[in-house]
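Survey of secondary and tertiary structure
One-letter residues, chain by chain:
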Amino acid sequence: MADTIKKRIAPIARLLDLSKMIRLSGQSDIFPFYHVISDFHLPHIRHLYRYRRLNEFEKDLEEMLKWFEPVTLADYLEVEQKGNGKRKGKGKGKGKGKGKGRMVLTFDDGLEECHQTIAPLLKKKGVPAAFFLNNHFIDNRDLFFRYKASLIIDEVLSDCKAKEKAAKYLVIPEEKVVDAIRMVKYGQQELLDELARQVGVDFIDYLREDPVYMTSQQVKELVDWGFEIGGHSPDHADFSTLDPAVMISQVKDSIEDLQQRFGVFSRFFSFPFTSDGVPGEVIDTLLNDRVADVLLGTAGLKKTGKQGFIQRIPMEDYEMSFKDALKTEYLYYLMKIPVGRNTIRY
Ligand SMILES: [Zn+2]
């Protein structure tokens, strides 16, 4: 619903003045997030969403730095906790460079490109970022089920015999195979493993030949370079399907495993997929019991009404520049002010 509206208002948003919209919204801080930046054909991702090329991301970064001051997640939280979110002089400066809002840049899923492409570029530009990792996938020990789906789709689209086999196994017409694979849910992963066997895709071989995720050594290097890391759940579960107690233990386990393995003290967590379906009481327990210092969602520019619970802008949902995407997010936010729908309801 929100995505459809955003798509429809994007051409109008493009014509509007970003600084005015930021001022009118009262939301001067932003949290854009990505998964991967690559100039290469990535069969495990390309059938899920369009990712940015390096030169496109460099343009995004240039725009971001014009409008926002990049800060670490830890610094952002420290200021929030001290000032209860109110900073002196915030937004009072005139012209570019003064009164800039803050920006915390994050990347989910711990993909190999984070170490090889993204972090080196950010280091060069002096831009901090936080990377969120699925514990079971570090060192390429396993593959997120959505990436498995993309790999199988890649195979059936490039080999008609594979498509035939998949259709036969699923007992559906060939033209429905791709959509059916896309619809496989978290609890149905075995279906993907069996389907892969049927069409001749070997996930272990794929991971061995072409690593998808960062190794432990690469994660250590990220931390040594000054980047932040956080948990993204052990195996990228769909939290809306979990019991509240399991949600809490997954957040705890994911964060504590990273602390032990990489010697970090931070307690950051980004919900896999979305924080929709996570009850308000679970969020409160996680934050009040200090299981996590911050919890991140993916609902775009939106208030949560809870300090330490932050929604981010999913940049890969937008096939447009950072500035146009941001204008769309702000216009959508402004449109909802009269109906009071900018804060998550529990
Ligand atoms: Zn993810």
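Please read these numbers as outputs of a predicted model, since none were measured by experiment.

Overview of the pattern of salt bridges
Applying the stated rule across the entire model yields 21 salt bridges. One salt bridge in this structure joins arginine 312 and aspartate 108, with 2.8 Å as the shortest N-O distance. Here the residue arginine 312 occupies a position in the loop between strand 9 (309-311) and strand 10 (313-314), and aspartate 108 occupies one in strand 4 (residues 106-108), the gap between them amounting to 204 residues. Here arginine 312 falls in the buried class, since its relative accessible area comes to 1%. Among the ionic pairs, arginine 197 bridges to glutamate 194, the shortest N-O distance being 2.9 Å.

Here's the deal with unusual backbone geometry
Of note, the phi angle at serine 233 is positive, near 85°, even though the residue is not glycine. Here serine 233 is to be found in the loop between strand 6 (228-231) and helix 12 (244-262). With relative accessibility at 0%, the residue serine 233 sits in the buried group. Positioned with a positive phi, phenylalanine 273 is a non-glycine residue whose angle comes to about 65°. Note that phenylalanine 273 resides in the loop between strand 7 (268-270) and helix 13 (280-288).

A word on the coordination of the zinc ion
Working reference: metal with six octahedral donors, ideal angles 90 or 180 degrees; metal with four tetrahedral donors, ideal angle 109.5 degrees. Protein ligation of the zinc ion involves Asp109 (OD), His232 (NE2) and His236 (NE2), the donor distances falling in the range 2.1 to 2.2 Å. As a motif over one chain, the donors of the zinc ion read D-x122-H-x3-H. Judged by its relative accessible area of 3%, histidine 236 is buried.

Brief notes about empty space enclosed by the protein
The full count for this structure, using the stated rule, is one cavity of 30 Å³ or more. Taken as a whole, the largest cavity spans an internal volume of roughly 40 Å³. If you go around the largest cavity, the residues you meet are Ile229, Gly230, Gly231, Ile255, Leu258, Gln259, Val264, Ser266, Arg267 and Phe268. Of all the secondary-structure elements, those providing two or more residues to the lining of the largest cavity are strand 6 and helix 12. Along the lines of polarity and charge, the residues of the lining of the largest cavity split into five nonpolar, four polar and one charged.

Conventions used here
- Residues numbered from 1 in each chain as written.
- Predicted model: local features only at pLDDT ≥ 70, side-chain atom pairs only at ≥ 80, totals over all residues.
- Heavy atoms only, no water.
- Salt bridge = Lys/Arg side-chain N within 4 Å of Asp/Glu carboxyl O.
- Helix = DSSP H or I, 4+ residues; strand = E, 2+ residues; numbered from the N terminus.
- Buried < 20%, exposed > 50% of the residue type's maximum accessible area, 1.4 Å probe, protein only.
- Donors = N, O, S within 2.8 Å, 3.2 Å for Na, K, Ca; no water.
- 1 Å grid on protein atoms, 1.4 Å probe; cavity = no way out; pocket = protein on both sides within 12 Å on 5 of 7 lines; lining within 4 Å.
- Points joined across faces, edges and corners; volume = space filled by probe spheres on them.
- Nonpolar A, V, L, I, M, F, W, Y, C, P; charged D, E, K, R; others polar.

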